Amino acid sequence: MRVVVTGATGNIGTSTVEALGADPDVSSIIGVARREPRWSHPKLRIETLDLGKADDAALDALFEDADVVVHLAWLFQPTRDPVTTWRNNVLGSVRVFEAAGRCAVPALVYSSSVGAYSPGPKDRLVSEEWPTHGWPGAAYTREKAYLERALDAFEAEHTGTRVVRLRPGFVFRRESASQQRRLFLGPFVPAGLLRPGLVPVVPNPRDLRMQVLHSSDAGQAFRLAAVRDVRGAFNVAADEPVDGRLLAGLLGARTVRMPSRLLRSALSAAWNLRLVPASPGLFDAVVRLPLMDTTRARTELRWAPRYSAAEAISEFLTGLAERAGRDTPPLAPSVPGGRLGELATGVGRRP
């Protein structure tokens, strides 16, 4: 099999390339990335391409004769410039879908998200049939929901293409910690203090529960979706939800019951003061996300997580303390100029 992976140098992308590379049925991987990495893999060839600006000819040249296209590329930032993320994430994804159709690629695997789901319950699990209208107050959830509709249209028009959409929870590992600190926490958070014994209390709002998984488990899910004859949507996440109690256990702290609106107010103030890159709209979305049932992934995709949610979060916290990263531009331990460089490019304004 010849597989094309967009967003190959990111958190999920590197894990997907490694999983595909270990599969004997995969002969070669073309990794599409905006910037050239130093990291590589024996079966991987990197092609640099900005999907937000790519023309049809460039995409067709990459997708010609591909057996599978795995579309992972995504810009989380700049959150303060939603036009830029829309052009890259939505219009870039639509270009990928159209190119896969023009080139008659046999299979298209797309990374949707738990963020595509409409608000839902926290006291029971929802299947892949739950509505995917997103939360309108955050660019990330609006974009993921819009692309679900775009993929519906693609699937109806291109019946000969096997379409799979994976909806993972939030994806963590040690090597992604520095990137995710830049994307969501910003330069003012003393990441080295987020370790056991240094945090006395953790807020535990009743409605702030979410699902996560380890990046290598996500990579295996995308590998299985690429090589197995499956179609449709699959929820993928570790078994237990993450809440304040789980975080407190990892940090050796105690929990304090707190309404989520107080945390939201604090985040909104920090956002308005340009201290953090994560918007209060994204917090609103997380509070409203449903908890997903992963039965279909286990039975039809034959996927199961190797890592628990606690292990994934623990790796992430270790990576924060160690300023961990990888030799790709998205996962680099630091950007030029360090935290001053992050400030110079604007908190929440750097792609």
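Data block above holds the structure.
Keep in mind the model is a prediction, meaning the values are calculated, not measured.

**Student:** Just give me the short version of the overall build of the protein chain, but keep the residues and values in it.
**Tutor:** Helix and strand counts for the protein chain stand at twelve helices and 13 strands. The C-alpha atoms of the protein chain give 19 Å as radius of gyration, which agrees with the globular expectation for 351 residues (20 Å, within 12%). Principal axes of the C-alpha set define a box for the protein chain whose edges measure 55 × 45 × 35 Å. By residue count, 55% of the 351 residues in the protein chain fall in the buried class.

**Student:** Explain the sheet that holds strand S1 (residues 2-6) to me, using residue names and the numbers behind them.
**Tutor:** Here we have seven strands laid out as an open sheet, ordered S3-S2-S1-S4-S5-S7-S11, and parallel in their pairing. The open sheet has two free edges, formed respectively by strand S3 (44-48) and strand S11 (232-236), since each of these has just one partner strand. Looking at each pair of strands side by side, their axes are set apart by 20° on average, direction ignored. Examined bridge by bridge, S1 and strand S2 (residues 28-33) share five bridges and lie parallel to one another. Across the sheet, residue Val3 finds its bridge partner in S2, namely Ile29. Sheet contacts for helix H3 (residues 82-102): strand S4 (68-71) and strand S5 (107-111); angle to S4, the most-contacted strand, approximately 175°.

**Student:** Lay out the environment of Arg257 with the relevant residues and their values.
**Tutor:** Secondary-structure assignment places Arg257 in the loop between strand S12 (254-256) and helix H8 (260-272). For Arg257, the residues in contact, after removing those within four places along its chain, are Asn204, Pro205 and Arg206. A polar contact is formed between the side chain of Arg257 and the backbone oxygen of Asn204, at a distance of 2.8 Å.

**Student:** Which residues make up the environment of Val236, and what are the values?
**Tutor:** As for its position among the elements, Val236 is in strand S11. Apart from the residues within four sequence positions on either side, Val236 is in contact with Arg167, Pro168, Gly169, Leu213, Ala221, Met292, Thr294, Ala297 and Trp303.

Cut-offs and rules
Residues numbered from 1 in each chain as written. Predicted model: local features only at pLDDT ≥ 70, side-chain atom pairs only at ≥ 80, totals over all residues. Heavy atoms only, no water. Helix = DSSP H or I, 4+ residues; strand = E, 2+ residues; numbered from the N terminus. Rg over C-alpha atoms; globule rule 2.2 N^0.38 Å. Buried < 20%, exposed > 50% of the residue type's maximum accessible area, 1.4 Å probe, protein only. Pairing = 2+ DSSP bridges. Axes fitted to C-alpha atoms, helices over the stretch in contact; angles between N-to-C directions. Contact = heavy atoms within 4.5 Å. Polar contact = N/O pair within 3.5 Å; in protein donor to acceptor, adjacent residues only side chain to side chain.

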